[in-house]
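Next come the chains, spelled out residue by residue.
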Amino acid sequence: MAKKLTELQAPGLSSKDNYQKKTLVLQRWKENILGYGFIFPAFLILGAFVFYPFFQSVYLSFFTTDPSGNIAEFAGFQNYIHLFTNSEFLSSLGITLLFTLYTVPASIILALLLAVLTYNKWKGMQIFQLIFSLPIAMTIGTSSLIWMLLYDPSTGLFNYLLHHLGLPSIQWLNDPSWALISVSIMSIWMSLGLNYIILLAGVRHVPEEIYESARVDGAGSLRILLQMTIPLMSPYLFFVFVTSVISSLQAFGQFNILTNGGPADSTNVFVYSLYQEAFVNFQYGLGSTRALILFVVIMLLTWLNFKFGERRVHYQ
Amino acid sequence: MTNGIGLKKVFINGLHYAFLLVMALLVVYPIYMAFSYTFMTPQEVNSPGPNFFPESFYLGNIQEVLQSTPILRFIFNSFLVAVLVMIGEIVTSALAAYGFTFLSFKGKNIIFALFLATLMVPSEVTVIPRYLMMQAFGWVDTYQGLIVPHIVTVFGIFLLRQSFKQLPRELLDAARMDGASHFRMFLSIVVPLSRPAIGALGAISFLGTYNHYLWPLLMTNSEEMRTVQIGITMLQNEEFLSWNIVLTGVAIVLLPSLTILIAGLKQLVAAMTGGGLKQ
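Residues numbered from 1 in each chain as written. Chains lettered and ligands numbered in written order. Predicted model: local features only at pLDDT ≥ 70, side-chain atom pairs only at ≥ 80, totals over all residues. Heavy atoms only, no water.

Enquirer: What exactly am I supposed to notice about the overall build of chain A here?
Expert: Tallying secondary structure elements over chain A gives 14 helices and 2 strands in all. Relative to the compact-globule value of 20 Å for 316 residues, chain A shows a C-alpha radius of gyration of 28 Å, a clear excess of over 25%. With the C-alpha coordinates of chain A rotated into their principal frame, the extents come out at 100 × 70 × 35 Å. The buried share among the 316 residues of chain A stands at 50%. Only carbon and sulfur atoms are counted for the fraction: they give 66% of the accessible area of chain A, which is about 15,500 Å². Side-chain charges in chain A split into 16 positive and 15 negative, and the spacing between the mean points of these groups amounts to 17 Å. (Helix = DSSP H or I, 4+ residues; strand = E, 2+ residues; numbered from the N terminus. Rg over C-alpha atoms; globule rule 2.2 N^0.38 Å. Buried < 20%, exposed > 50% of the residue type's maximum accessible area, 1.4 Å probe, protein only. Areas by Shrake-Rupley, 256 points an atom, 1.4 Å probe, with all protein chains shown as cover. Lys, Arg positive; Asp, Glu negative; His and termini not counted. Charge placed at Lys NZ, Arg CZ, Asp CG, Glu CD.)

Here's what the structure looks like:
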């Protein structure tokens, strides 16, 4: 705006025009400084706690460090080579992917099913809506404690139910073949609330007339769901999918509280191993290498999601 | 014939409700359990098999958890940290969003793109240098260490920028014509008109900080600095505490967030339906 005005006034400058031009230049300067002023607090904090640490992570990943975090020596790609030839690291990658595979589809399918079954205005639906949203109020600490008791081999609900069905009891969190599944079930429950709320909004986003005309045409419920509801709410499903994948790659708290990565490393997920490397073994260099690999994995998966997923998304 | 269809419909609706009821019981049971254990005596809890209903309205657990654990201190810490982070986040985000929306300055678009790029960096990726920095500052085990790194989020700036952009342009132009300064416009027009978005950001920020786990785990060493999420899980490690005490603590911690959810669910769903994801 200011620029245009000065250009308009450029030909045939009188002293008055010249004065006006000067004030405009001054105003532009003022606005520049004001603009920087407004964003300065955000810039400062982001610079100090996001940008700087990010580049510091890259830097640290090429070094070894002493326990107080000082650089010990340059390691080149040694940290990376070390990790990619380390079976513990490779298995933690695999376990994280398995955890994602166990939790993301199950949580989304369950949340979608519940959203489709409760979106209408039948009697009692508001209560169901409230109940299925409840897990959103749960935190990692409180959920983990409750589920620790549910999984308790002697006093827990699950073994009690198995016992009554005449089945042998399971060492849910202490058996290497069950621990990851147990933590996954708890994580599905925790993520259900948010996924349900978003997908409920998605189902409601589909205009009611579409259902009515489909029903008039004699389409069955399942056909309406698969051929109309799901395609029409695909932006919501895509959003839930992308955010669920990212957050399952970052899962840490439930593993730290429920299993400590065990038994026999069977629940040693990515961020748990990063935490161990950096804050238990004090290998900050190697820890940073793990952090950067996590960053690359998340970027890659997000990119793949957008590349292949968004094509199927139908925006109205 | 019509009767047959009617019966079939009743049957399907019955199944529909039955399925929802079973799912509701499964979803609600873990939360119900925390509250029912709160009112159970130690004998009831220690009897074999799980108990579904407390036999009496026993208040001893609440008394004991308040007396023998610093749970009120944990809750105070969490609230203090979450409220200060929320205020900080609202102030810095609103200022930055105003700058990005209403002011033109050199490099604006590049800086905004740079800000948005940080959305792709999960906090776990930068946690090690951030922790080392806190150590260097001497901020480990302090409130500022828990608060300051979180008082800006790009999500907040983005959310407020979207809402500022929808304010009526004529109103702002009129204020400019009257010679209002940018600070005046910010304080007396833009912020008051954006109260719903600022409220939403405040709620999201508060709950997010209340739920932080990894950062307070790293930043707090002493018991009196622990936040709820860390403190409550450390109760479980203390051998002398029984399950009913731990779950009573869980129930007390859950009470505020459950109340907020029940009171605000309608607005939450409305906010999600109203916008955001629509293209």
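Enquirer: Would you explain the nonpolar core in this entry?
Expert: Side chains that are nonpolar tend, in soluble globular proteins, to be buried together. Of all hydrophobic cores here, the largest spans 168 residues; its most connected members are Phe132(A), Ile146(A) and Leu199(A). For Ile146(A), the contacting residues outside a window of four places in its chain are Met138(A), Pro30(B), Met33(B), Ala34(B), Leu247(B), Val250(B) and Leu254(B). (Core = buried A, V, L, I, M, F, W, Y, C linked by side-chain atoms within 4.5 Å. Contact = heavy atoms within 4.5 Å.)

Enquirer: How should the side chain of Ser248(A) be read in this particular structure?
Expert: All names here are of chain A. Topologically, Ser248 is positioned in helix α11 (residues 234–249). Of the residues examined, Ser248 reaches a relative accessible area of 7% and is grouped as buried. In this structure the side chain of Ser248 is engaged in a polar contact, spanning 3.0 Å, whose partner is the side chain of Thr100. At 3.0 Å, the side chain of Ser248 and the backbone oxygen of Val245 are in polar contact. Sequence-distant contacts of Ser248, that is, excluding residues within four places in its chain, are made with Thr96, Phe99, Thr100, Thr103 and Val104. (Polar contact = N/O pair within 3.5 Å; in protein donor to acceptor, adjacent residues only side chain to side chain.)

Enquirer: Would you explain the pattern of salt bridges in this entry?
Expert: Residue and element names in this part refer to chain A. Applying the stated criterion to the full structure yields 2 salt bridges over all chains. A salt bridge links Arg290 to Glu277; the nearest nitrogen and oxygen atoms lie 2.8 Å apart. Of this pair, Arg290 sits in helix α14 (residues 284–309) while Glu277 sits in helix α13 (residues 270–280); the two residues are 13 residues apart in sequence, bridging distant segments of the chain. Taken together, the shared-partner salt bridges connect Glu88, Glu277 and Arg290 into one network. (Salt bridge = Lys/Arg side-chain N within 4 Å of Asp/Glu carboxyl O.)

Enquirer: Would you take a moment to explain the interface of chain B and chain A for this structure?
Expert: It is common to give the size of an interface as the accessible area that goes away when the parts come together. Contact with chain B, which involves 87 residues of that partner, is made by 91 residues of chain A. Taken together, both faces of the contact between chain B and chain A bury some 8,000 Å²; the carbon and sulfur share is 82%. Along the contact surface separating chain B from chain A lie 0 salt bridges. Where chain B packs against chain A, one counts 13 residue pairs in polar contact (both at pLDDT 80 or more). Here the side of chain B that touches chain A gets 17 residues from one element, more than from any other, and that element is helix α1 (residues 2–38) of chain B. Looking at the side of chain B that touches chain A, its residues break down into 65 nonpolar, 17 polar and 5 charged. (Buried area = accessible area lost by both parts, 1.4 Å probe. Nonpolar A, V, L, I, M, F, W, Y, C, P; charged D, E, K, R; others polar.)

Enquirer: Help me out: how do you make sense of the packing of aromatic side chains in this one?
Expert: Think of a pair of aromatic rings as described by two things: how far the centres are apart, and how the planes are tilted against each other in angle. By the definition in use, this model includes 47 aromatic pairs over all chains. Residues Trp172(A) and Trp178(A) carry aromatic rings whose centres are separated by 5.2 Å and whose planes lie at 70° to one another, so their mutual orientation is edge-to-face. For Trp172(A), a relative accessible area of 9% corresponds to the buried category. Using a relative accessible area of 30% as the deciding quantity, one classes Trp178(A) as partly exposed. Ring geometry for Tyr29(B) against Tyr32(B): centres 6.2 Å apart, planes inclined by 45°, an arrangement best described as tilted. With Tyr29(B) and Tyr32(B) both in helix α1 and 3 residues apart, the pair spans about one turn of that helix. For Tyr32(B), a relative accessible area of 31% puts it in the partly exposed group. (Phe/Tyr/Trp six-rings, centres within 6.5 Å; stacked < 30°, edge-to-face > 60°.)

Enquirer: I would appreciate a short explanation of the packing of helix α4 (residues 71–102) of chain B against helix α10 (residues 182–193) of chain B in the present structure.
Expert: Two measures define how a pair of helices packs: the angle their axes make with one another and the distance between the axes. Residue and element names in this part refer to chain B. One can describe the packing of α4 onto α10 by two numbers: an axis separation of 11 Å at closest approach and a directional angle of 115°. Comparing their axes, α10 and α4 come out roughly perpendicular. Between α4 and α10 lies a crossing of right-handed hand. Contacts between α4 and α10 involve Ala94, Leu95, Tyr98 and Phe102 from the former and His182, Met185, Phe186 and Val190 from the latter. Of the residues that constitute the contact of α4 with α10, the class distribution is 7 nonpolar, 1 polar and no charged. (Axes fitted to C-alpha atoms, helices over the stretch in contact; angles between N-to-C directions. Parallel < 35°, antiparallel > 145°, perpendicular 65-115°, else oblique. Left-handed = near helix turned anticlockwise from the far one by under 90°.)

Keep in mind these numbers describe shape, not what the thing actually does.
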